[in-house]
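What follows is each chain in one-letter form.
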Amino acid sequence: GNMVEWCLPQDIDLEGVEFKSMASGSHKIQSDFIYFRKGLCFGLACFANMPVESELERGARMKSVGILSPSYTLLYRYMHFLENQVRHQLEMPGHYSHLEAFYDDKKGVLPDGKGTPSSQQPVHWLPSIHRYMYPEMKITHPAGCMSQFIKFFGEQILVLWKFALLRKRILIFSPPPVGVVCYRVYCCCCLANVSLPGLGGTVPESKPFFYVNVADIEMLETEVSYVACTTEKIFEQKRDLYDVYVDNQNVKTHHEHLQPLLKINSADKEKYRRLNDQRQMLMYSQEVGEDCSSCEEDLFILFFMEQNNRIFQTLMEVSASQDKTLTADHARGMGLDPQGDRSFLMDLLEVYGIDVMLVIDNPCCT
């Protein structure tokens, strides 16, 4: 099995990290990277596999070199260093001087996990987005991450968007390599961003758990909302652990009341068309040199944030009105399909505890 060969600081609790930092099935590939969560920290590890003429090592030497941090937004900066170091460890096992120097240079105070729950700060996976924060956002992921996400899922991103906004437990399955799938987890979380103040204090945080495996089952059993990915097919049978299962582009749910959300309706098609139009305009403006400041990642995040803000702004205004009645016109104004999104709206009101009466009852009249 996997084992932790070396670490700094030596007294840190790393139980299970040897399985988080090396995805199940990795022996079939040459290299990979992997994001994961360990307690209150996030990790990034780079994996490499090298053939060796050694019976003891069964003809292959496999290692991962990783780091842990209280936030994952800066981890991507160190990807190149980790890739170099895992190659170094394969070729010269046991030489840790570069890793020691890196730790001494970067070390900070990590949460020790010994405080009471009330004294621990929650891990916020994504800050409220303002212009001044964009430089930090740029290094959360590689350029083109969102673009690949849109191309991979197509209109299905609108289905994922609804499940993410409803804070469902979303599990993405893919065989290794898992690095690009970790980015899908991140993109999925970005779909649910809302920047309105005072919304949903009681709503569970949408947490990116990134890579999970069978060693995480006990922890996942206690989670009410998360987005994660796995390379282990056994998870598909463990239906009590997830609400939504994504296998390649196939999004499915075993909950009957969530089935209507899998259908793409006319409002979804319109949103997808608008998103693509905006992307085309951005690409054109970049080609003619008018706009070099904005990028596709910003456009993607802001597109869904503005959509989400519009929905919740309307719902809060209706809930503050005298008759608290939400009509088909309200639904259209929010960019939703009065009929096709009825069950989505009902779930949304329940999850966020918004007191509104839905009067979109007659499917024969629009």
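Residues numbered from 1 in each chain as written. Predicted model: local features only at pLDDT ≥ 70, side-chain atom pairs only at ≥ 80, totals over all residues. Heavy atoms only, no water.

Caption draft 1: Local environment of the overall build of the protein. Looking only at helices and strands, the protein has twelve helices and ten strands in total. Counting all 366 residues of the protein, 49% fall into the buried class. Here the analysis covers contacts within the protein between residues at least 6 apart in sequence; of these, 66% occur between residues at least 24 apart. Taken as a whole, the protein presents about 18,300 Å² of accessible surface, with 52% of it coming from carbon and sulfur. (Helix = DSSP H or I, 4+ residues; strand = E, 2+ residues; numbered from the N terminus. Buried < 20%, exposed > 50% of the residue type's maximum accessible area, 1.4 Å probe, protein only. Contact = heavy atoms within 4.5 Å. Areas by Shrake-Rupley, 256 points an atom, 1.4 Å probe, with all protein chains shown as cover.)

Caption draft 2: Focus on the packing of helix H5 (residues 145-153) against helix H10 (residues 296-320). Contact pair H5 / H10: the axes reach a minimum separation of 7 Å and the direction vectors enclose 60°. As judged from the angle between their axes, H5 and H10 are oblique. Residues Cys145, Met146, Ser147, Phe149 and Ile150 of H5 pack against Glu296, Glu297, Phe300 and Ile301 of H10. Split by residue class, the contact of H5 with H10 holds six nonpolar, one polar and two charged. (Axes fitted to C-alpha atoms, helices over the stretch in contact; angles between N-to-C directions. Parallel < 35°, antiparallel > 145°, perpendicular 65-115°, else oblique. Nonpolar A, V, L, I, M, F, W, Y, C, P; charged D, E, K, R; others polar.)

Caption draft 3: Representation of helix H7 (residues 179-190) in the model. Helix length check: H7, at twelve residues, gives a terminal C-alpha distance of 17 Å against a target of 16 Å (1.5 Å per residue), a fit within 8%. Burial of H7 is extensive: eleven of the twelve residues sit out of reach of the surface. Turning to H7, its buried residues are Gly179, Val181, Cys182, Tyr183, Arg184, Val185, Tyr186, Cys187, Cys188, Cys189 and Cys190. (Expected span 1.5 Å × (residues − 1).)

Caption draft 4: Broad picture of the environment of Val185. Mapped onto the elements, Val185 comes out in helix H7. Expressed as a C-alpha distance, the spacing of Val185 and Ile170, which sit 15 residues apart in the sequence, is 8.8 Å. Those residues in contact with Val185 that lie beyond four places of it in its chain are Ile172, Pro208, Phe210, Val227, Ala228 and Cys229.

Caption draft 5: Here's a closer look at the pattern of salt bridges. Considering all chains together, one arrives at 14 salt bridges under this definition. Measuring nitrogen to oxygen at the nearest pair gives 2.9 Å for the salt bridge that ties Glu236 to Lys252. You can see Glu236 sitting in the loop between strand E6 (226-230) and strand E7 (244-247) and its partner Lys252 sitting in strand E8 (residues 250-253), a full 16 residues away along the chain. Residue Glu236 is classed as partly exposed on the basis of its relative accessible area of 23%. Linked through salt bridges whose partners overlap, the residues forming this network are Lys233, Glu236, Asp247 and Lys252. (Salt bridge = Lys/Arg side-chain N within 4 Å of Asp/Glu carboxyl O.)

Caption draft 6: Representation of the nonpolar core within the structure. Grouped together as the largest cluster of nonpolar side chains are 92 residues, with contacts concentrated most on Ile157, Phe300 and Leu315. Each of domain 1 (17-100) and domain 2 (137-314) contributes no fewer than three residues to this core. Not counting residues within four places of it along the chain, the set of residues in contact with Ile157 comprises Phe149, Ile150, Leu191, Tyr272, Leu275, Phe300 and Phe304. Within the second largest apolar cluster, twelve residues are counted, among which are Leu171, Val212, Leu220 and Ala228. (Core = buried A, V, L, I, M, F, W, Y, C linked by side-chain atoms within 4.5 Å. Domains from an automatic or database assignment.)

Caption draft 7: Structural view of the packing of aromatic side chains. For the coordinates displayed, the defined rule picks out 22 aromatic pairs. Judged by centre distance (5.2 Å) and plane angle (65°), the rings of Phe149 and Phe153 are edge-to-face. In this pair, Phe149 and Phe153 are both assigned in helix H5, four residues apart and thus about one turn of the helix distant. Arranged with centres 5.9 Å apart and planes meeting at 80°, the rings of Phe149 and Phe300 form a pair that is edge-to-face. Pair noted here: Phe149 is in helix H5 and Phe300 is in helix H10, with a separation of 151 residues, a long-range link. Classification of Phe149 as buried rests on a relative accessible area of 2%. (Phe/Tyr/Trp six-rings, centres within 6.5 Å; stacked < 30°, edge-to-face > 60°.)

Caption draft 8: A look at the side chain of Asn309. Relative to the helices and strands, Asn309 is located in helix H10. The buried category is assigned to Asn309, whose relative accessible area is 14%. Sequence-distant contacts of Asn309, that is, excluding residues within four places in its chain, are made with Val194, Ser195 and Leu196.

Caption draft 9: Representation of the environment of Ile170. Examined against the element boundaries, Ile170 turns out to sit in strand E4 (residues 169-173). Under the relative-accessibility criterion, Ile170 is labelled buried at 0%. When the C-alpha atoms of Ile170 and Lys252 are compared, they prove to be 9.9 Å apart, with 82 residues separating the residues in sequence. When residues no more than four places from it in sequence are discounted, the contact partners of Ile170 are Leu160, Phe163, Ala164, Cys188, Tyr226, Val227, Ala228, Val244 and Val246.

Caption draft 10: Up close: unusual backbone geometry. In this model, Leu8 is joined to Pro9 through a cis peptide bond whose omega is -10°. Its place among the elements puts Pro9 in the segment before helix H1 (17-20). Across the junction of Pro176 and Pro177, the peptide omega takes the value 5°, indicating a cis bond. Structurally, the position occupied by Pro177 is in the loop between E4 and H7.

Caption draft 11: Geometry of the pairing of E8. Taking every second residue as pointing to the same face, the buried face of E8 carries Val251 and Thr253, while none of Asn250 and Lys252 on the other face is buried. Pairing between E7 and E8: four bridges, direction antiparallel. The residue of E8 that forms the bridge with Asp247 is Asn250. In textbook terms, the turn of a hairpin is the stretch between consecutive antiparallel strands, and for E7 and E8 this stretch comprises two residues, one of which, Asn248, has a positive phi near 55°. (Pairing = 2+ DSSP bridges.)

Caption draft 12: Fine view of the pairing of strand E1 (residues 31-38). Counted residue by residue, E1 has seven buried out of eight residues, so it is predominantly covered. Linking two consecutive strands that pair antiparallel, namely E1 and strand E2 (residues 41-51), is a turn of two residues; a positive phi of about 60° is found at Gly39 within it.

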